[in-house]
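Each chain, letter by letter, is given below.
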Amino acid sequence: MSGSTLSAAGVAAGPFGALRGQLLDAAAAFTRHSGTDPVPGILAGMVDDVDRALREELEIFPVCHHSPASALAMARRLREKRPAVIYLELCEDLRPLLDELRNCRLPVALQAFATELDDFPAAWAPLSVVAPVTEASAEYQAIAYALDTPGVELVLVDRSTDHVFQWEPRTPPEPAPGPAPAADGGEDAALHGDAVGIEIGDLRPRFAELEAHLLHHGKVRHWSEWWDQYVEQPLVGADYDTYRQVMVMIGSLFRRLRPDRDARNDRDEDRERYMWTRMREHLAASGADPERCLYVCGAFHAASRVEQFGLRADAPFEITPRTATRWQYGLIPSSHSAIEAQFGLAPGSVSIAAATWAKAVKGSGVTPYRLKGQKGDKPKAVRAGRAADPGGEVADRLSGFLSRPPAPSGIDEDELLGWCVDIVRLARRNGYLASTADAIAVYETSILLAGLRGRGRPTPYDFQDAAVTCIEKDTVPGRRDVRRLCEILLGGDRVGQVGYESLPPLARDVLDRLEPLGLDLTKRTIQRALLDLDANPELRPCSDLLWVLRRLLPTEAARPIMGSRRLGERPIQESWDLAIGRHQRSIVELGYEGVTIEQVLEQRLRRTVADPKATAAVALEAVEDAILYLGGGRVADDLGSRAVELLAAERTVDDAPDVLRRIRRLLAYYRTTTSALPEWCGRFVTAGYAHYCTLLPTAFLDEDTGVRQVAAMLGFLFGMEGLALSLGCDHSQLELAVRQSHPETPAKVALLWAARSQLGLLPVAELRARYDELLANPLVVPSIPLYLSGFVQALEPVPSLAPVVVEVMSKAFARLPDPVLLPWLPKLITTLRDQAAELVPVLVREAGRVFPAALPAVDAWVPPWSARRPATPAPASVPASARVVADLLAAHPAACDAVAGLLGHDAGWRPAADGGAEHEQVTDLLAAHGDTAHAVAALLGRA
């Protein structure tokens, strides 16, 4: 139907004929265009959608997500109609969870969770779907009525959680423009995690320009405030027919103004086909009377135009089977901030809705439905209402609602004064310098803002803005600003809790096993647990469980203050900060993976080592965790066998330091606790020995392989050599690998020298000589830090070189001149810090052993590497003659040979003659070059 064919005179008959004509005339007067203008079609289509929904044989109840007006209208309608069957827009496979709501304190969320996927991309894992439930919602009223009323059947008709992801596009779409998400609400805003939210009655424009237009002309900041001002408040006191028609009209408006070719709209239409198909199937199978049924869905879906709409429709719709994905179901705690964060609502909007609900219930006199035994709520008597007349005609209530302004409501001075006084008191507690004058200013400003925005009475949003304006200055003295204080005042961020009976077996087992601690772990506060394991050995199982929780839960859930768990250690006392009640969602999700916490940990460890990206270091870490938390045994042996396979398959040595550190710990543990090493340890050592021997020459040359990795390889080969040789390895394999290594970088050259020294291929004396040559070569001095870093790294495979490293570093400090030494020191420090930080303590201990312990002894201290035999003093009466010089040279030929070799000559020695010719030549030489003799004497410290 288009505007070119419709007119006020040619309107189809019906209860909304007059309204349709008025809208078409208004559209024609407004547009002044030809029939191609879409406005008449949109306005007329809205009326048609309302007429179609109200004429449907199955009564449709349109709702909005977490709307107090919807909840109040639902409570009224349930007491009037007393339906026998309620069809609810909610994932059909979540039905068993609804019976557990009576054991919980709202808000909570229904959750479906899957980690083992079938026919879904692996990158999507884990899959999670949540549907939050609050008391101020129409869906909760319907659930409470159905579960507590005998003979009433509750049927969920929306797509299953499996279909939720079946209908998701395999490639993520670009984010659509829209309002910014809710502000960070702290840890409570993350209670839903990354789950997909299922909304019942999502009423929000999917046309960004329309939403911006409504916010601008409504003089509000965000959508939640617009909805509260222009929909919630007028409909709270409206009768059922008016409420129903207005909600369908709003859903039709947003539906018709949606963007074209929107994938989400296609999924929404498929959901509507799904729901109508399920309802027709249930009615055919059960034989229920449609007159005694109620269909609760979002107002957007109530204005549906799909061909499957209505019980009389016969258009087929094929529902695809579910995949083999194994879904787990449970209840998790929710909160107002979590709902706001997940669905993009304004901060505090759900809390304000809860306050509006409480006030509306009190003012209307309607008794809402509550599940019997609901935590935090006392069951109230239910008033009996009259049954609705099933044959009543549809009457036009829209015309009157749209043509007259809402009845003005006066200012509730007592409520506003209470808010103003309380916000000042709360602000003072949080560090603000607020006074009575600020309370008066907030009161007057709230009324002023309401008047400027065309409101008859200040809303909570007006009060928030007034409080921020009057109380909050340029700084926030505490953790909470005034806007957050207003949210707390108006209801706060209420956090739900899942009752013990509704928890999965794993969560109940955890609480039962921690009961000896004497703490109420269901509380959301942080509690301190003190465990004296020697005096109370019965607490040791609690300690074991806490360490497993520490491994699996977030860090804040179980945080050790005193005590640790390492291989071979037995704790005496422990102290814990526990916040398990605050992380109830995480424990519930663990319950989807197994029956006990140990089973979940074992499964995760096995999945970790079975991952295609797993490495030998990851597998060894899993072995450690299996020993620490599961007692070792068969699980540790299986994980260790997997570590052997991963090590043999590796083609790089990036994880060599981690592998060396972990296998050393494991071998030390097994040697001190068992009579024989596990079979996998022997296979790991032999496989690692062959593996690293094969890769050693390549690692020395590869520029991408760091010095730390090569040092760890050598540490494994030298440290595990004894065990490897006893298990059948060949020492010549290591020697050949070292001989075939020809590094080029200074640090790796130093490592190779150390390895050759360990194998006996390079004497320590020659090693010292080579470093002396480096110190004497001015071209090599800038690279001395690199050599030293490699030499320090060599302490990993060859710890006996610590005295040599201390000697070489001391010689460098003693011999290098200041222009070379001072620029070198920063580089030396950074090199040692970055590449050998854990080995520096070894050097410090060795230096402490070599150097004097007291400061006065430093002056008389002689370095061990500079010690020499004291010279025998010559008699003072012996004259300096050529004979004495000749005798001195003959007594110490090595010094003369060294000087000759330094000058490039081969010294030839012959027997000394008694004649004086040779003596005279020596005397003449000394006389001609006396300066040389004096310089040598000064160098030797002789006068």
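Cut-offs and rules
- Position numbers for residues start from 1 in each chain and track the written sequence from start to end.
- Predicted model: local features are reported for residues with pLDDT of at least 70 only, side-chain atom pairs are reported and counted for 80 or more only, and whole-chain, interface and lining totals are derived from all residues.
- Excluded from the side-chain calculations are hydrogens and water; all other atoms, namely the structure's heavy atoms, are used.
- Each helix is a run of H or I in the DSSP string that is no shorter than four residues. Each strand is a run of E no shorter than two, and both are numbered from the N terminus.
- Think of it in three bands: residues with accessible area under 20% of the maximum for their type are buried, residues over 50% are exposed, and the middle band is partly exposed, with areas taken using a 1.4 Å probe on protein chains only.
- Whether two residues touch is decided by their heavy atoms; if any such pair falls within 4.5 Å, the residues are in contact.
- Note that accessible areas follow from Shrake-Rupley with a 1.4 Å probe, and for residues the cover is restricted to the protein chains shown.
- Think of a patch as exposed residues, more than 30% relative accessible area, with no salt bridge, where like charges cluster within 9 Å and nonpolar side chains (Val, Leu, Ile, Met, Phe, Trp, Tyr) cluster within 5 Å.
- What counts as a salt bridge is simple: a side-chain nitrogen of Lys or Arg found within 4 Å of a carboxyl oxygen of Asp or Glu.
- Asp and Glu count as negative and Lys and Arg as positive, but His and the ends of the chain are not part of the count.
- In this description, the location of a charge corresponds to atom NZ of lysine, CZ of arginine, CG of aspartate or CD of glutamate.
- Here an axis means a line fitted to C-alpha atoms, over the contact stretch when the element is a helix, while the angle between two N-to-C directions is reported on a 0 to 180 degree scale.
- We call two directions roughly parallel when the angle between them is under 35 degrees, roughly antiparallel when it is over 145, roughly perpendicular when it lies between 65 and 115, and oblique otherwise.
- Crossings are classed by handedness, with left-handed meaning an anticlockwise turn of the near helix from the far one by less than a right angle and right-handed meaning a clockwise turn.
- Each residue gets one label: Ala, Val, Leu, Ile, Met, Phe, Trp, Tyr, Cys and Pro are nonpolar, Asp, Glu, Lys and Arg are charged, and the others, such as Gly, are polar.
- Only buried Ala, Val, Leu, Ile, Met, Phe, Trp, Tyr and Cys residues count toward a nonpolar core, and they belong to the same one when joined by side-chain atoms within 4.5 Å.
- Pairing of aromatic side chains requires ring centres within 6.5 Å, counting the rings of Phe and Tyr and the six-membered ring of Trp. Pairs whose planes differ by under 30 degrees are stacked, by over 60 edge-to-face, and all others tilted.
- We call a charge positioned above a ring when the Lys NZ or Arg CZ atom is no farther than 6 Å from the ring centre and deviates by at most 35 degrees from the ring normal.
- Only when DSSP finds a minimum of two bridges between them are two strands counted as paired.
- By this rule the span expected of a helix is its residue count minus one, scaled by 1.5 Å.
- Two cysteine sulfur atoms form a disulfide, by the criterion used here, when they sit within 2.5 Å.
- A residue's pLDDT is the confidence the predictor assigns to it, expressed on a 0 to 100 scale.

Points about the overall build of the protein chain
Moving on, step 1. From N to C terminus, the protein chain includes 38 helices and 11 strands.
Moving on, step 2. In the protein chain, which comprises 943 residues, the proportion classed as buried is 49%.
Moving on, step 3. For the protein chain, contacts bridging at least 24 residues in sequence account for 76% of all contacts bridging at least 6.
Moving on, step 4. By element, 55% of the accessible surface of the protein chain is carried by carbon and sulfur atoms, the whole surface being about 45800 Å².

So, a negative patch on the surface
Moving on, step 1. Taken together, the side chains of D654, D702, E703, D704 and E744 define an acidic patch exposed on the protein surface.
Moving on, step 2. With respect to the helices, strands and loops of the structure, D704 is situated in the loop between α25 (679-701) and α26 (707-719).
Moving on, step 3. Judged by its relative accessible area of 69%, D704 falls in the exposed class.

Looking at the packing of helix α7 (residues 223-236) against helix α8 (residues 240-256)
Moving on, step 1. Contact geometry of α7 with α8 gives a least axis separation of 10 Å together with a crossing angle of 150°. When the axis of α7 is compared with that of α8, the two are roughly antiparallel. Crossing handedness for the pair α7 and α8: right-handed. Where α7 approaches α8, its residues W223, W227, V231 and L235 are matched on the opposing element by Y243, V246, M247, I250 and F254.
Moving on, step 2. Residues that form the contact of α7 with α8 fall into these classes: nine nonpolar, no polar and no charged.

Focus: the nonpolar core
Moving on, step 1. Core analysis: the biggest nonpolar cluster contains 228 residues, and Y87, L110, Y295, L514, F684 and F791 have the highest contact counts within it.
Moving on, step 2. Looking at this core, the element that brings in the most residues is α25, giving 11 residues.
Moving on, step 3. Filtering out sequence-adjacent residues up to four positions away, F791 remains in contact with A750, A754, L767, Y771, L801, V804, V805 and V808.
Moving on, step 4. In terms of nonpolar packing, the next biggest core, distinct from the first, is built from 25 residues, C420, L426, V468 and L485 among them.

Quick notes on the packing of aromatic side chains
Moving on, step 1. Inspection of the entire model under this criterion finds 21 aromatic pairs.
Moving on, step 2. Aromatic side chains W753 and Y771 sit 5.7 Å apart centroid to centroid with 90° between the ring planes, which places their arrangement in the edge-to-face category. Of the two residues, W753 sits in helix α29 (residues 746-758) while Y771 sits in helix α30 (residues 764-776), which places them 18 residues apart along the sequence.
Moving on, step 3. Of the residues examined, W753 reaches a relative accessible area of 13% and is grouped as buried.
Moving on, step 4. The class for Y771 is buried, based on a relative accessible area of 2%.
Moving on, step 5. Pairwise contacts between aromatic rings join F120, W124, F165 and W327 into one cluster.
Moving on, step 6. The ring of Y369 carries the charged tip of R79 above its face, separated from the ring centre by 4.0 Å.

Observations concerning the environment of R484
Moving on, step 1. One can find R484 in helix α17 (residues 482-489).
Moving on, step 2. With relative accessibility at 28%, the residue R484 sits in the partly exposed group.
Moving on, step 3. In this structure the C-alpha to C-alpha distance between R484 and Q464, which are 20 residues apart in sequence, comes to 9.2 Å.

A closer look at the pattern of salt bridges
Moving on, step 1. Applying the stated criterion across every chain yields a total of 48 salt bridges.
Moving on, step 2. The partner of R278 in a salt bridge is E92, with the nearest N and O atoms 3.2 Å apart. Linking R278 in helix α9 (residues 263-286) with E92 in the loop between β2 (85-91) and β3 (108-114), this pair joins segments that are 186 residues apart in sequence.
Moving on, step 3. Close ionic contact of E807 with K811 constitutes a salt bridge, the shortest N to O distance being 2.9 Å.

Digging into the pairing of β3
Moving on, step 1. Of all seven residues in β3, seven are buried, a share of seventy percent or more.
Moving on, step 2. Residue alternation in β3 divides its side chains into two sets, V108, L110, A112 and A114 and A109, Q111 and F113, and both sets are buried.
Moving on, step 3. Pairing analysis gives seven bridges linking β3 to strand β4 (residues 127-133), with the strands arranged antiparallel. Along β4, the bridge assignment pairs Q111 with V130.
Moving on, step 4. Pairing of β3 with strand β8 (residues 328-333) involves six bridges; the strand directions are antiparallel. Its bridge partner being in β8, F113 is matched across the sheet by Q328.

Focus: the sheet that holds strand β1 (residues 59-63)
Moving on, step 1. Strand order in this open sheet of four strands is β1-β7-β2-β5, and the pairing throughout is parallel. Whereas interior strands pair on both sides, the edge strands pair on one side only; in this sheet they are β1 and β5 (153-158). Across the sheet, the mean angle separating the axes of adjacent strands is 30° when strand polarity is ignored.
Moving on, step 2. The pairing of β1 with strand β7 (residues 293-298) spans five bridges and is classified as parallel. Along β7, the bridge assignment pairs P62 with C297.
Moving on, step 3. Across the sheet, helix α3 (residues 68-81) lies against β1, β2 and β7, angled at about 155° from β1, the strand it touches most.

Section: the pairing of β7
The two faces of a sheet get side chains in turn, since along a regular strand they alternate between them.
Moving on, step 1. Of all six residues in β7, six are buried; the element is thus mostly enclosed.
Moving on, step 2. By the bridge criterion, four bridges tie β2 to β7 in an arrangement that is parallel. Across the sheet, the residue bridging to Y87 is Y295, located in β7.

Focus on the packing of helix α11 (residues 336-343) against helix α12 (residues 349-364)
Moving on, step 1. Close contact between α11 and α12 brings their axes to 8 Å; oriented N to C, the two are set at 125°. Regarding the angle of α11 to α12, the classification is oblique. Contact residues: H336, I339 and E340 in α11; S349, V350, S351 and A354 in α12.
Moving on, step 2. Considering only residue class, the contact of α11 with α12 consists of three nonpolar, three polar and one charged.

Looking at helix α23 (residues 634-649)
Moving on, step 1. In this model, α23 (16 residues) spans 23 Å end to end at C-alpha, consistent with the 22 Å of a helix rising 1.5 Å per residue.
Moving on, step 2. Of the positions making up α23, those classed as buried are V635, A636, L639, G640, A643, V644, L646 and L647.
Moving on, step 3. Elements that come into contact with the buried residues of α23 comprise α21 (597-610), α22 (616-630), α24 (656-673) and α25.

Points about the sheet that holds strand β11 (residues 573-578)
Moving on, step 1. Taken in spatial order, the three strands make up an open sheet running β9-β11-β10, and their pairing is antiparallel. What marks the edges here is a single partner per strand, and that holds for β9 (527-532) and β10 (558-562). The sheet shows a mean angle of 25° between the axes of neighbouring strands, taken without regard to direction.
Moving on, step 2. Inspection of the sheet shows β9 paired to β11 by six bridges, in the antiparallel sense. Pairing of A529 across the sheet is with W576, part of β11.
Moving on, step 3. Docked against the sheet, helix α19 (residues 540-552) engages β9, β10 and β11, running at close to 50° with respect to β11.

Things to note about the state of the cysteines
Moving on, step 1. What the rule picks out here adds up to zero disulfides.
Moving on, step 2. No disulfide involves C729; its sulfur sits 7.9 Å from the nearest other cysteine sulfur, which is in C693.
Moving on, step 3. For C729, a relative accessible area of 19% corresponds to the buried category.

Details of α24
Moving on, step 1. With 18 residues, α24 ought to run about 26 Å at 1.5 Å a step, and its terminal C-alpha atoms sit 26 Å apart, in line with that.
Moving on, step 2. Among the residues of α24, A656, P657, V659, L660, R662, I663, L666, L667 and Y670 are the ones counted as buried.
Moving on, step 3. For α24, the elements touching its buried residues are α22, α23, α25, α26 and α27 (721-726).

With respect to the confidence of the model for the protein chain
Moving on, step 1. Across the protein chain, the average pLDDT comes to 80, with 81% of residues at 70 or higher.
Moving on, step 2. For the protein chain, strand β6 (residues 196-197) is the element with the lowest average pLDDT, namely 59, and α22 is the one with the highest, namely 94.
Moving on, step 3. Within the model, the stretch residues 172-184 combines pLDDT values under 50 with 10 contacts to residues more than four positions away or in other chains.
Moving on, step 4. In the model, residues 379-391 has pLDDT below 50 throughout and makes 22 contacts with residues more than four positions away in sequence or in other chains.

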